[in-house]
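# Architecture and fold: a report
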Amino acid sequence: MQDSFELSPSECEALLRAGVVGRIALATPTGPHIVPVNYSVVEESVVVLTSPYSLLGTHGRDSMLAFEIDQFDYEYHRGWSVVARGRAEVVTDPAEVERIRTTWPPRPWASGIRTLCLRIRWSELSGRRLGTGWVPMEDLPVHRVV
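Residues numbered from 1 in each chain as written. Predicted model: local features only at pLDDT ≥ 70, side-chain atom pairs only at ≥ 80, totals over all residues. Heavy atoms only, no water.

### Some words on the overall build of the protein chain
Our working definition: Each helix corresponds to a stretch of at least 4 residues labelled H or I by DSSP, and each strand to a stretch of at least 2 residues labelled E; elements are numbered beginning at the N terminus. We compute the radius of gyration from the C-alpha atoms alone; for a globule the expected value is 2.2 Å times N to the 0.38, where N is the number of residues. Three exposure classes are used, based on accessible area relative to the maximum for each residue type with a 1.4 Å probe and protein chains only: buried under 20%, partly exposed in between, and exposed over 50%. Contact between two residues is taken to exist if any of their heavy atoms lie within 4.5 Å; hydrogens are not considered. Areas reported here follow the Shrake-Rupley algorithm with a probe of radius 1.4 Å; residue values treat only the protein chains shown as occluding.
When you go through the protein chain residue by residue, the secondary structure sums to three helices and eight strands. The secondary structure elements of the protein chain, listed N-terminal to C-terminal, are β-α-β-β-β-β-α-β-β-α-β. Whereas a compact globule of 146 residues would reach a radius of gyration of roughly 15 Å, the protein chain reaches 16 Å, a difference of no more than 12%. When the backbone C-alpha atoms are referred to their principal axes, the protein chain occupies close to 45 × 35 × 30 Å. Every one of the 146 residues in the protein chain was classed for burial, and the buried ones make up 40%. For the protein chain, the share of sequence-separated contacts (at least 6 apart) that also reach a separation of at least 24 residues comes to 73%. Summing over all exposed atoms, the protein chain offers an accessible surface of approximately 8,500 Å²; the carbon and sulfur share of this is 55%.

Pasting the structure below:
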């Protein structure tokens, strides 16, 4: 059994900024959903592109959402997770959309047209890691560089 350690806010933010894929948890009239997304981090916000008619586009606007990234090493029974919680807002100002695009554009992997830019300004950022003797930032399988 491994010990659990809280990650500092700066460690959480560094892992968020290094990541590529995460999940957004949201409530809908039919119950909770978890949506995998490619994302970017601009200032203190997680930014995703989605379709206005998707679950996220329909039910995520102006809602409290939770965004999570994680990594696990099953062989050594260690890992980490980071959760950012905050209210989502649609970015409609063309200058702001352009600023996001030139700073760090989200790049969806799945095909389709995604015209809705959704920003989650985190009001809570927390994380934890399991295990000792390793540094999560050094063991990332993929490390985004801006």
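### Description of empty space enclosed by the protein
Defined as follows: Put plainly, a pocket is an open set of points on a 1 Å grid over the protein atoms alone with protein on both sides within 12 Å along at least five of seven lines, a cavity is a set where a 1.4 Å probe fits but cannot get out, and a lining residue has an atom within 4 Å of a point. Grid points are joined across faces, edges and corners, and a volume is the space filled by probe spheres set on the points. Throughout, the ten residues Ala, Val, Leu, Ile, Met, Phe, Trp, Tyr, Cys and Pro are labelled nonpolar, Asp, Glu, Lys and Arg are labelled charged, and all others, Gly among them, are labelled polar.
A complete count under the given rule lists one cavity of 30 Å³ or more for this structure. In this model, the largest cavity occupies a volume close to 30 Å³. In terms of lining residues, the largest cavity is bounded by Val-42, Glu-43, Ser-45, Val-47, Glu-96, Arg-99, Ile-100, Arg-119 and Arg-121. Only strand 5 (45–50), helix 3 (94–103) and strand 8 (116–130) provide two or more residues apiece to the lining of the largest cavity. Among the elements that take part in the lining of the largest cavity, helix 3 stands out by supplying three residues, more than any other. Residues that form the lining of the largest cavity fall into these classes: three nonpolar, one polar and five charged.

### Here's the deal with the layout of surface pockets
Counted as a void, the largest pocket has a volume near 270 Å³. The wall of the largest pocket is formed by 14 residues, among which Val-35, Pro-36, Val-37, Leu-49 and Arg-114 lie closest to the centre. Those elements that place two or more of their residues in the lining of the largest pocket are strand 3 (31–38) and strand 5. The biggest single contributor to the lining of the largest pocket is strand 3, with four residues.

### A look at unusual backbone geometry
Backbone phi values are negative for most residues with the exception of glycine, while trans is the configuration of most peptide bonds. Unusually for a residue other than glycine, Glu-43 sits at a positive phi of about 55°. Relative to the helices and strands, Glu-43 is located in the loop between strand 4 (40–42) and strand 5. Here Asp-62, not a glycine, exhibits a phi torsion of approximately 55°, which is positive. Note that Asp-62 resides in the loop between helix 2 (55–59) and strand 6 (64–73).

### Observations regarding the pairing of strand 8
To keep it simple, the criterion reads: Only strands that DSSP links by at least two bridges are regarded as paired with each other.
Relative to strand 8, strand 1 (residues 4–6) runs antiparallel, the two sharing three bridges. If you follow Glu-6 over to strand 8, its bridge partner there is Arg-128. As defined by bridge partners, strand 5 adjoins strand 8 across six bridges and the pair is classed as antiparallel. Residue pairing in the sheet places Leu-49 in a bridge with Cys-117 of strand 8. Two elements, strand 7 (residues 78–90) and strand 8, share twelve bridges in a ladder whose sense is antiparallel. Paired with Ala-84 across the bridge in strand 8 is Leu-125.

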